[in-house]
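Residue-level listing of the chains:
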Amino acid sequence: MAEQQQQQRRADIIDNLKNVRTAMENAGTSQKTRLVAVSKYKPAQDLLYAYEDGQRHFGENYVQELVEKSAELPKDIQWHFIGHLQSNKAKAVIGIPNLYVVETVDSIKKANTINKACDGLRSDPLRVYVQVNTSNEEVKSGVAPADVVNVCKHIIESCPRLNLSGLMTIGMFGRDPNEENPDFKCLAACKKQVEEALPGREELELSMGMSEDYVNAMRAGSTNVRVGRTIFGERPKKPTKD
Ligand SMILES: *Cc1c(COP(=O)(O)O)cnc(C)c1O
């Protein structure tokens, strides 16, 4: 890209970030909420512009992309894996030293796979969130709300290399961002259930809210919003195969 275009790109990303941060500050919520910049399909240079503006938490969906970007970009970036993790790729993700969390544990089997893959690769337990299919859509991954306590219990009791630290949902697309969102409500209810069933642990994070509805999600208790297009612009339609 020509120099001038790059400068414009940089200015746009910094401007977008500023707008998101301002909207988050003005959300009027009491809990602390982390902004995860979702950078899938975006070139490493885009992430670097955000990084230079102080952004440290980034989210990626595809293993290959995450592996490449994490090798290339500063090592104090905190990576969130937010895609579907296939068993045979677990080691590639878990081996990234500055991986902050895997947000998409969607079954007991997956938890076991990741737990096993951590052996010898990480010294501290790996943070994980359990992904919940709050909208009950067949096409969406995630644990059914009724099974969340069970999966969390399994992770706590049988996965010593994992640190259960939150719940995550994508939710149904196209909901009105100005109305109470049943997916957010459901995830918050799941958190309450888990904390009642398995007391005495640190409070669980709630990872919910994306470009259209992160402010609404914060008002519903989100502590981790995942914002992509609003920061980096529209993405090309189709993912790289993974
Ligand atoms: C792509 C993606 C996001 C970001 O979505 P935007 O609409 O671009 O903000 C958040 N979470 C997950 C799991 C994603 O795959």
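Rules used throughout
Residues numbered from 1 in each chain as written. Predicted model: local features only at pLDDT ≥ 70, side-chain atom pairs only at ≥ 80, totals over all residues. Heavy atoms only, no water. UniProt positions renumbered as here; feature names shortened; annotations may be inferred. Near = heavy atom within 4 Å. Polar contact = N/O pair within 3.5 Å; in protein donor to acceptor, adjacent residues only side chain to side chain. Areas by Shrake-Rupley, 256 points an atom, 1.4 Å probe, with all protein chains shown as cover. 1 Å grid on protein atoms, 1.4 Å probe; cavity = no way out; pocket = protein on both sides within 12 Å on 5 of 7 lines; lining within 4 Å. Sits in = over half its atoms within 2 Å of the grid points. Nonpolar A, V, L, I, M, F, W, Y, C, P; charged D, E, K, R; others polar. Helix = DSSP H or I, 4+ residues; strand = E, 2+ residues; numbered from the N terminus. Buried < 20%, exposed > 50% of the residue type's maximum accessible area, 1.4 Å probe, protein only. Contact = heavy atoms within 4.5 Å. Pairing = 2+ DSSP bridges. Expected span 1.5 Å × (residues − 1). Core = buried A, V, L, I, M, F, W, Y, C linked by side-chain atoms within 4.5 Å. Right-handed = clockwise from strand over helix to strand, strands pointing away.

With an unreviewed UniProt entry as reference, the protein is termed Pyridoxal phosphate homeostasis protein, source organism Circinella minor. Quoted straight from UniProt, the Function (unreviewed entry) entry for the protein says "Pyridoxal 5'-phosphate (PLP)-binding protein, which may be involved in intracellular homeostatic regulation of pyridoxal 5'-phosphate (PLP), the active form of vitamin B6."

Undergrad: Even after reading the chapter, I still don't get the site of the ligand, so can you show me in this structure?
TA: The ligand sits among 13 residues. The nearest are Lys40, Asn61, Ser211, Arg229 and Arg235. Ser211 is positioned with one of its side-chain polar atoms (N or O) 2.6 Å from an oxygen atom of the ligand. In the environment of the ligand, an oxygen atom lies 2.8 Å from a nitrogen or oxygen atom belonging to the backbone of Gly228. Taken by itself the ligand offers 380 Å² of open surface, and the protein chains cover 93% of this. Because more than half of its atoms lie within 2 Å of the grid, the ligand is assigned to the largest pocket. Residues belonging to the shell around the ligand are distributed by class as follows: six nonpolar, three polar and four charged.

Undergrad: Quick question: what am I supposed to make of the environment of Met208 here?
TA: Following the sequence through the fold, Met208 ends up in the loop between strand 7 (205-207) and helix 8 (214-219). Met208 sits in the buried class, given a relative accessible area of 0%. Each C-alpha atom, one on Met208 and one on Arg127, is 17 Å from the other, the two residues being 81 residues apart in sequence.

Undergrad: Please clarify how the UniProt feature "modified residue: N6-(pyridoxal phosphate)lysine" (unreviewed entry) in the protein should be interpreted in this entry.
TA: If you check UniProt for "modified residue: N6-(pyridoxal phosphate)lysine" (unreviewed entry), the listed places come out as Lys40 in our numbering. Here Lys40 lies in the loop between strand 1 (34-38) and helix 2 (44-52). In this structure Lys40 comes out as buried when scored by relative accessible area, which is 14%. Once residues within four sequence positions are removed from consideration, Lys40 is found in contact with Gly59, Glu60, Asn61, Tyr62, Glu65, Lys69 and Arg235.

Undergrad: Before we go on, may I ask you to explain the pairing of strand 8 (residues 224-227) in this structure?
TA: Side-chain positions along a regular strand alternate between the two faces of the sheet. The alternating pattern of strand 8 places Asn224 and Arg226 and Val225 and Val227 on opposite faces, both of which are buried. Note that strand 1 and strand 8 share four bridges and pair parallel. Bridge pairing links Arg34 to Asn224 in strand 8.

Undergrad: How do you make sense of helix 1 (residues 3-25) when you look at a structure like this?
TA: The α-helix winds at 3.6 residues per turn, so residues separated by three or four positions along the chain end up facing the same way. In this model, helix 1 (23 residues) spans 33 Å end to end at C-alpha, consistent with the 33 Å of a helix rising 1.5 Å per residue. Turning to helix 1, its buried residues number three or more, namely Gln6, Arg9, Ile13, Leu17, Val20 and Met24.

Undergrad: Explain unusual backbone geometry to me, please; I cannot follow it from the model alone.
TA: Working note: non-glycine residues mostly have negative phi, and peptide bonds are mostly trans. A positive phi is found at Tyr41, a non-glycine position, where the angle reads about 65°. Turning to its location among the elements, Tyr41 is positioned in the loop between strand 1 and helix 2. Here the phi dihedral of Asn136 falls at roughly 55°; this positive angle occurs in a residue that is not glycine. Note that Asn136 resides in the loop between strand 5 (126-131) and helix 6 (148-158).

Undergrad: How should the nonpolar core be read in this particular structure?
TA: Most often, soluble globular proteins keep nonpolar side chains buried together rather than apart. Residues Val102 and Ile155 are the most contacted members of the largest nonpolar core, which totals 61 residues. Setting aside chain neighbours within four positions, we find Ile155 in contact with Val105, Ala111, Val128, Val130, Leu162 and Leu164.

Undergrad: When you look at the UniProt feature "domain: Alanine racemase N-terminal" (unreviewed entry) in the protein in this model, what are you seeing that I'm missing?
TA: The UniProt record marks residues 18-236 with the feature "domain: Alanine racemase N-terminal" (unreviewed entry), using the residue numbering of this structure. The span residues 18-236 carries 37% helix and 18% strand; its end-to-end C-alpha distance comes to 24 Å.

Undergrad: Would you explain the pairing of strand 6 (residues 162-168) in this entry?
TA: Buried residues dominate strand 6, accounting for six of its seven residues. With six bridges connecting them, strand 5 and strand 6 associate as parallel partners. Across the sheet, residue Val128 finds its bridge partner in strand 6, namely Leu164. Chirality of the crossover, the property in question, places the unit of strand 5, helix 6 and strand 6 among those that are right-handed. The pairing of strand 6 with strand 7 spans three bridges and is classified as parallel. Paired with Met168 across the two strands is Ser207, which belongs to strand 7. Between strand 6 and its parallel partner strand 7, the chain crosses via helix 7 (residues 182-197), and the hand of that crossover is right-handed.

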